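# A closer look at the structure
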Amino acid sequence: MAEDPLAEARRALDRGEYGQVLRLLEPLQEERSPLTAAGAELRLLMATALMGQGRTDQAAACCRGLVRCRDATLRAQAKALLLVLEAPELRRPSNWSLTLPDLSGTTPLEGVGAGVSRRSRRRPEPPPPPPVGPTRAPVGFAVVVAVVLVLLAALLGGCMEVRTELRFEGPGRLQVSHQLRSDTGTGTPWQRRFVAALEGHAEGIPAPGPFRPSGGSGDQLVSTPVLPALEALGALAGSLEVAGRLSGVPLAAPVVVWEERNWLLGVRQHLRLELDLQALEAIPGLDLAVVLAPVRPAAVLRASPAAIAAAPAGDGGGRRLLWPLQPGQVNVLELRCWRWSGLGLGAAAVGLVLPLVLGLQAIRQRLGFGLPELPA
């Protein structure tokens, strides 16, 4: 059995051979998705090697792709390492350094002590340097600093997770919901203002739709009833505009394109959603995503910059897809799916069975049985 290439990369990382680590791992990036545990572990090793080479920007970019990994432990390690890489650089006060005076104007000491013997003027040779082992990456110190930063972030504000779900309830019917989750167990100020605005209780902000809240303060769900498709998408666009307004970020209005064609037996639905988040900077602990249900992966025509992933089944059942949103970029989603119509299928079934019944009745009459008698 071939040896795991990650094991050889770990040994090279322990020896401080950062270039060798990158040469071993870079060809394996395409084979291992960052959403899996194996792909996340590979990219964490690459981020550590990039840190050792001083390429902190590339190491931070490598960690950003792991904040949505399915493995909770690796996801936490990536977020902690990203906090260290994106921490602001502190300036050192001037009184912490020793400044030597300018000796250019002093009298040179050439010729002084000319009578001293050459042996006395000869400086002693410096002692040999102490033996040291192979260079190791400062992983221990980085872990300690990351843990401290994570604890501070949890105490000051906590992590915020926002899930916007778009549920397809048959032809021409949609339901929109926003799930807000805070790791601190209590709602953040932005979360409380957002829920109040969706309910229509915020002064100066009209309600974007008939949203109704449920759940506790730390984990809240605000959703609309099942609405006509255009009305539900209007409520979705309005709620996203309210979220950007309350955040103080001048976000562009979302682009929502909806097309639906009825073919009697069902409808062909086409949705294009474009969210411009270029004005929103990446905030540690902020997790944004759109959930589609029930939708099959084959229905997704385009998802950028982040790929679609499978989401856990919800209360409504059916296949659910998760589309992570990337701050600082334009997020585009396009899908086309088919929805069967119960009324159309019933009409088609009646149209198929009726000729069969009439044919059997004609055969019955030819055999001399006549029309069936009505019950007395």
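The structure we're discussing is the one just above.
In terms of regular secondary structure, the chain is built from 10 helices and 12 strands. By the burial criterion, 34% of the 376 residues in the chain qualify as buried. For the chain, the proportion of contacts with a sequence separation of at least 24, taken over those separated by at least 6, is 65%. A total accessible area of about 23600 Å² is found for the chain, and carbon and sulfur atoms account for 59% of it.

With that settled, consider the packing of helix H4 (residues 56-64) against helix H5 (residues 72-85). The geometry of a pair of packed helices is captured by two quantities: the angle between their axes and the separation between those axes. Running from N to C, H4 and H5 point in directions that differ by 150°, and their axes come no closer than 9 Å. The pairing of H4 with H5 is recorded here as roughly antiparallel in orientation. Taken as a pair, H4 and H5 cross one another with a handedness that is left-handed. Contacts between H4 and H5 involve Thr56, Ala59, Ala60, Cys63 and Arg64 from the former and Ala78, Leu81, Leu82 and Leu85 from the latter. Of the residues assigned to the contact of H4 with H5, the class counts are 7 nonpolar, 1 polar and 1 charged.

Taken as a whole and assessed by the stated rule, the structure comprises 8 salt bridges. A salt bridge links arginine 272 to glutamate 274, with the nearest nitrogen and oxygen atoms 3.1 Å apart. Overlapping salt bridges, with partners in common, bring together Glu161, Arg163, Arg181 and Asp287 in one network.

Along the chain, the position of leucine 13 falls in helix H1 (residues 5-14). Accessibility expressed as a relative area gives 8% for leucine 13, which makes it buried.

Relative to the 20 Å expected for 14 residues at 1.5 Å per residue, H5 spans 20 Å between its end C-alpha atoms, a close match to the ideal helical length. Regarding H5, the residues found buried are Leu74, Ala78, Ala80, Leu81, Leu82, Leu83 and Leu85. With a side-chain oxygen positioned 3.0 Å from the backbone nitrogen of threonine 73, the residue opening H5 is aspartate 71.

Right, let's talk about the side chain of glutamine 269 for a bit. Mapped onto the fold, glutamine 269 is located in strand E7 (residues 266-276). For glutamine 269, the side chain forms a polar contact with the side chain of glutamate 260, separated by 2.7 Å. Sequence-distant contacts of glutamine 269, that is, excluding residues within four places in its chain, are made with Phe168, Gly170, Pro171, Gly172, Trp258, Glu259, Glu260, Leu335, Arg336, Cys337 and Arg339.

All right, on to unusual backbone geometry then. Cis peptide bonds are those with omega within 30 degrees of zero, and the linkage from alanine 293 to proline 294 qualifies with -20°. By the element assignment, proline 294 lies in the loop between strand E8 (286-293) and strand E9 (300-304).

Spatially, 4 strands are ordered E6-E7-E12-E9 in an open sheet, and the strand pairing comes out antiparallel. In this open sheet, the two edge strands, each paired with only one partner strand, are strand E6 (255-262) and E9. Taking each pair of neighbouring strands and ignoring which way they run, the sheet shows an average axis angle of 10°. Bridge analysis of E7 against strand E12 (residues 330-340) gives 11 bridges, and the strand direction is antiparallel. Looking across to E12, one finds that arginine 268 is bridged to tryptophan 338. Where helix H9 (residues 229-247) meets the sheet, it contacts E6 and E7, and its direction lies at approximately 170° from that of E6.

Once that is clear, we can look at a nonpolar patch on the surface. A grouping of Leu356, Leu360, Ile363, Leu367 and Phe369 is seen on the molecular surface, where their side chains present a nonpolar patch of about 560 Å² in accessible area. Along the chain, phenylalanine 369 falls in the segment after helix H10 (342-366). Taking relative accessible area as the criterion, phenylalanine 369 reaches 55% and is therefore assigned exposed.

Attention now goes to the nonpolar core. Leu166, Phe168, Leu174, Trp190 and Phe194 are the most contacted members of the largest nonpolar core, which totals 43 residues. Those elements that place two or more of their residues in this core are strand E1 (160-168), strand E2 (173-182), helix H8 (189-199), H9, E7, E8, strand E11 (320-324) and E12. Top element by residues in this core is H9. It accounts for 8 residues. Setting aside residues no more than four positions away along its own chain, leucine 166 makes contact with Leu174, Gln175, Val176, Leu233, Leu271, Val291, Leu292 and Ala293. Listed in part, the 29 residues of the second largest apolar core include Ala9, Ala40, Leu50 and Cys63.

Turning our eyes to something else, we now look at the pairing of E1. Among the 9 residues in E1, 8 count as buried, and that is most of the element. In this sheet, E2 lies alongside E1 in antiparallel orientation, the contact comprising 9 bridges. Bridging from a neighbouring strand, glutamate 165 pairs with serine 177 of E2. Linking two consecutive strands that pair antiparallel, namely E1 and E2, is a turn of 4 residues; a positive phi of about 85° is found at glycine 170 within it. Pairing between E1 and E8: 8 bridges, direction parallel. When the sheet's bridge partners are listed, methionine 160 is paired in E8 with leucine 286.

About the thresholds
Residues numbered from 1 in each chain as written. Predicted model: local features only at pLDDT ≥ 70, side-chain atom pairs only at ≥ 80, totals over all residues. Heavy atoms only, no water. Helix = DSSP H or I, 4+ residues; strand = E, 2+ residues; numbered from the N terminus. Buried < 20%, exposed > 50% of the residue type's maximum accessible area, 1.4 Å probe, protein only. Contact = heavy atoms within 4.5 Å. Areas by Shrake-Rupley, 256 points an atom, 1.4 Å probe, with all protein chains shown as cover. Axes fitted to C-alpha atoms, helices over the stretch in contact; angles between N-to-C directions. Parallel < 35°, antiparallel > 145°, perpendicular 65-115°, else oblique. Left-handed = near helix turned anticlockwise from the far one by under 90°. Nonpolar A, V, L, I, M, F, W, Y, C, P; charged D, E, K, R; others polar. Salt bridge = Lys/Arg side-chain N within 4 Å of Asp/Glu carboxyl O. Expected span 1.5 Å × (residues − 1). Polar contact = N/O pair within 3.5 Å; in protein donor to acceptor, adjacent residues only side chain to side chain. Pairing = 2+ DSSP bridges. Patch = residues over 30% accessible without salt bridge, like charges linked within 9 Å, V, L, I, M, F, W, Y side chains within 5 Å. Core = buried A, V, L, I, M, F, W, Y, C linked by side-chain atoms within 4.5 Å.

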